[in-house]
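Reading the structure
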Amino acid sequence: MDSYEKLRAQVPVVFGRSLDRAIAGLQARGSSRREVVVFDRTASVWGDLLRRRAELCTAFLHGLDEVVAGRELPWPPQSRHALLADSDHQPLLELDTGGTPVSAPVPLEASDLVEDTGLARTYAQFLDVQRTRHPDLASERFERLSAPAHWLALAWVVVDEASSDLTTLQRRMKHLVPALVDELLALYRRMGASGAPPSPAGVASLPGADPDQTLPALESLCRPDHELEPQWLKAFLSPANGRLEQPLPARFQMLVATQLERLEAQHPGSEQTPSGLGLTGVPGIASRLDPQVWGFWSDPVERARHLLLLKTQAATFEQVVALDVVRGLVGRLAGDPLLLRPVGEAVVALEPALLRLSLSQPRFITQQSHPARRLLDAVLHRAVEHNNAATEAFQDFLQPVQQAFRELNALDRVDTGDFARALDRLSAAWRTQEQALRAQQEQRLQAVRLADERQALADRITLEMSQLPEMADAPGFVVSFLCGWWSTVLAWARLSPAPAGPDALSCERAAASLLWSVQPAVMQNDAAAVLAARPDLIRTLRLGLASIGKGVEETHIFFDAYSRHHETLSAPAATATAAVRAEPDAVSVPGPTPDPVETAMGSVSGAQAVEGTYRPEGPWLGRSELESSGVEEARFTDYAELGALPSTGTQPVVPELDDAAVDAVLAALQPGIWIDLQSQGEWLRAQLAWSNPAGTLFMFNSAGGRTHSMSRRSCIKLIRARRLSPVTSAPDVQQVMGVITGSPSASG
């Protein structure tokens, strides 16, 4: 390949890299979020460039071919959208054309653009080297192809034709021109440099190329199982590194053909796929996939053959490296331990479409906003929600993904738009599912938030009542009752009163009446008034307790203690006591058995009762709230339910976590985090949807719309028993690329 053909092969590569840098610059400038990054849904300035990248590179190459054939380009270039007056604008770029400066006018601030680039001097040195090395070079043809004025003018023409208005053109060229100047400087230096450094281990010099250009060994690049060395991955991911843009020598095609022949000889048909590649274990690029789902592409040999055929079509080292990067990335993503095998298989199965795209757009994988990357990341992030392939929710997620991937693989040629449409269809289906689920979850969350607000109010009421002077002389069981159940009744009556229950004012009067009735001085001096007030007081107390689901079976301990406390009163008290015990509970609602801590409160003093008052494990929810909130089995989810395991005697003994480890897990419980949670011996994957500011109440959602609301105390028990643990972050392309190259951020 002579110098002219080498230079021509670099034209679409250099222009494509300049476009990539311009797009990245436009994206960075759009960090104010005024531009929507989904280019297929908006008229984003950079989005159309990204979508039409391959088309623009082809147009640029054809345009230079026309320039070589004699086409003249206007300089300075003018936009088809408006005529620009040279005198009104600052120069975009100054070129030394033998003493006469010319400039490309643009109505933008030029302070941050390159004006003194040394481009003309570098170009002149480049031409001198080429003439020295190739005296018989057709100088006019070569110079027309390589002239920087032609490149810059043609770039303006191509982008102008692709721009809808003058403002869009101006913003694009402001970023494209400096990038193109830098790339031209690098191109001239590569092709015009002399003297070569020694080649590092594992790197071969390109036959027929400049002696100082070191590149990956062809004997390695031609293999279907080639894994790139980190240095070449970093070179591929670095926009400023141009070594991989060198054209491939002709013998590379022969090396790939040899690999194809070897593959055919080893595996002449898919029926002879190695038996070790089964449908179990962690999937990878060498795995045999489910043929009923993936058909032709389930065979790893066919996928390897497809890779080699694409390598025969590659023109540059960058394209071949891109193919190997994509294949290595697919293998690592598919093998992530958080993904169920069907999801890993789907990632592997998408490899053919991704490889076709990487041949035409080698650097798509380095662009976070590219639809192919966004499609991969969206599927991976949603797949983490599931840890059981047998559930209906997982099948509802997986089947549309499989269909979209099969459709992409069925295309002979894929481009940006194909991946964007696939992502749109999946996103639309996900949004439809999410809208119904989000409405349901919002209803549940409102119930839990109301319960938390009510509990906070009950705590404030408890504090207020504990400071009443009457509390000092009240018996412990009364203090415990008022600071426990009755504070909840008061909060319930204030925030969400029951239609059949007492109002807040009646509940407050009942609390005052109860305290008054147990004061020693009142019992001694006004026993008749106490006895007269008891029937109405007891009726109000029972109605209030019934409003929060406390029936006679649960509350008789308190009322018995209250009756015994008045046994020292006059004889009619005995009759009243009997009436209290015999009074029917017309609004009884069954509830849990009384807590022994609360029962013991009857024997302690008022001050001790305030300090040791029994508080519920979590905020109290009414029956209707439990049902509307969707909490499992219509009750507040707790450790006893989630952590219970079948007593089979075969459960392995796992040491509990210490306090430091528990605190670390609690600190990680922030909204959005995924956890693995054991419920009735079954492991669920749930996401923390909400926690209160105090960090005492958490609400998790798991697949299928299940809700788990737990107190901090319940979470601590589960964490300590290793039945609640955070899930590592979801796999994504950038994370994996960083792991491969050993850098924290491998792409942008």
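Read on for an overview of the structure.

Basis of the calculations
- Residues numbered from 1 in each chain as written.
- Predicted model: local features only at pLDDT ≥ 70, side-chain atom pairs only at ≥ 80, totals over all residues.
- Heavy atoms only, no water.
- Helix = DSSP H or I, 4+ residues; strand = E, 2+ residues; numbered from the N terminus.
- Buried < 20%, exposed > 50% of the residue type's maximum accessible area, 1.4 Å probe, protein only.
- Contact = heavy atoms within 4.5 Å.
- Axes fitted to C-alpha atoms, helices over the stretch in contact; angles between N-to-C directions.
- Left-handed = near helix turned anticlockwise from the far one by under 90°.
- Nonpolar A, V, L, I, M, F, W, Y, C, P; charged D, E, K, R; others polar.
- Parallel < 35°, antiparallel > 145°, perpendicular 65-115°, else oblique.
- Pairing = 2+ DSSP bridges.
- Core = buried A, V, L, I, M, F, W, Y, C linked by side-chain atoms within 4.5 Å.

Before going further, it helps to spend a moment on the overall build of the protein chain. Counting its secondary structure elements, the protein chain contains 31 helices and nine strands. Relative to its 748 residues, the protein chain shows a buried fraction of 52%. For the protein chain, long-range pairs separated by at least 24 residues make up 71% of all intrachain contacts whose partners lie at least 6 apart in sequence.

All right, on to the packing of helix α19 (residues 476–495) against helix α23 (residues 552–565) then. In contact at an axis separation of 10 Å, α19 and α23 are set at 145° when each is read in the N-to-C sense. Judged by the sense of rotation from one axis to the other, the crossing of α19 with α23 is left-handed. Contacts between α19 and α23 involve F477, F481 and W485 on the former and, on the latter, E554, T555, F558, A561, Y562 and H565. Partitioning the contact of α19 with α23 into residue classes produces six nonpolar, two polar and one charged.

At a minimum axis separation of 9 Å, helix α10 (residues 251–266) and helix α12 (residues 300–313) run at an interaxial angle of 165°. Regarding the angle of α10 to α12, the classification is roughly antiparallel. When you trace α10 past α12, the crossing you get is left-handed. Contact with α10, carried on its side by F252, Q253, V256, Q259, L260, L263 and E264, involves V301, A304, R305, L308, L309, K311, T312 and Q313 of α12 and no other residues of that element. Within the contact of α10 with α12, the residues separate by chemical class into eight nonpolar, four polar and three charged.

A few words now on the pairing of strand β5 (residues 674–679). By the criterion of burial, β5 is predominantly enclosed, with six of the six residues buried. Residues W674, D676 and Q678 line one face of β5 and the alternating positions I675, L677 and S679 line the opposite face, and both faces are buried. Across six bridges, β5 lies against strand β6 (residues 682–691) in antiparallel orientation. Each bridged residue has a counterpart across the sheet, and for W674 the counterpart in β6 is Q687.

Let us look at the nonpolar core. L354, L375, F397, F405 and F419 are the most contacted members of the largest nonpolar core, which has 76 residues in total. At eleven residues, the largest contribution of residues to this core is made by helix α13 (residues 317–334). Ignoring any residue separated from it by four or fewer positions in sequence, one finds L354 in contact with V326, V330, F364, A372, L376 and F419. Counting residues in hydrophobic clusters, the runner-up holds 48 residues, among them L49, Y123, L127 and L176.

Attention now moves to the sheet that holds strand β9 (residues 724–726). Two strands in a sheet stick together by hydrogen bonds in their backbones, pointing the same way (parallel) or opposite ways (antiparallel). The five strands lie next to each other as β8-β7-β6-β5-β9, forming an open sheet whose pairing is antiparallel. The open sheet has two edge strands, β8 (706–711) and β9, and neither has a second partner. Across the sheet, the mean angle separating the axes of adjacent strands is 35° when strand polarity is ignored. Here strand β7 (residues 697–702) runs beside β8; their pairing, made up of six bridges, is antiparallel. Residue L697 lies in a different strand from β8, and its bridge partner there is S711. Here helix α30 (residues 712–720) sits on the sheet in contact with β5, β7, β8 and β9, set at roughly 100° to β8.

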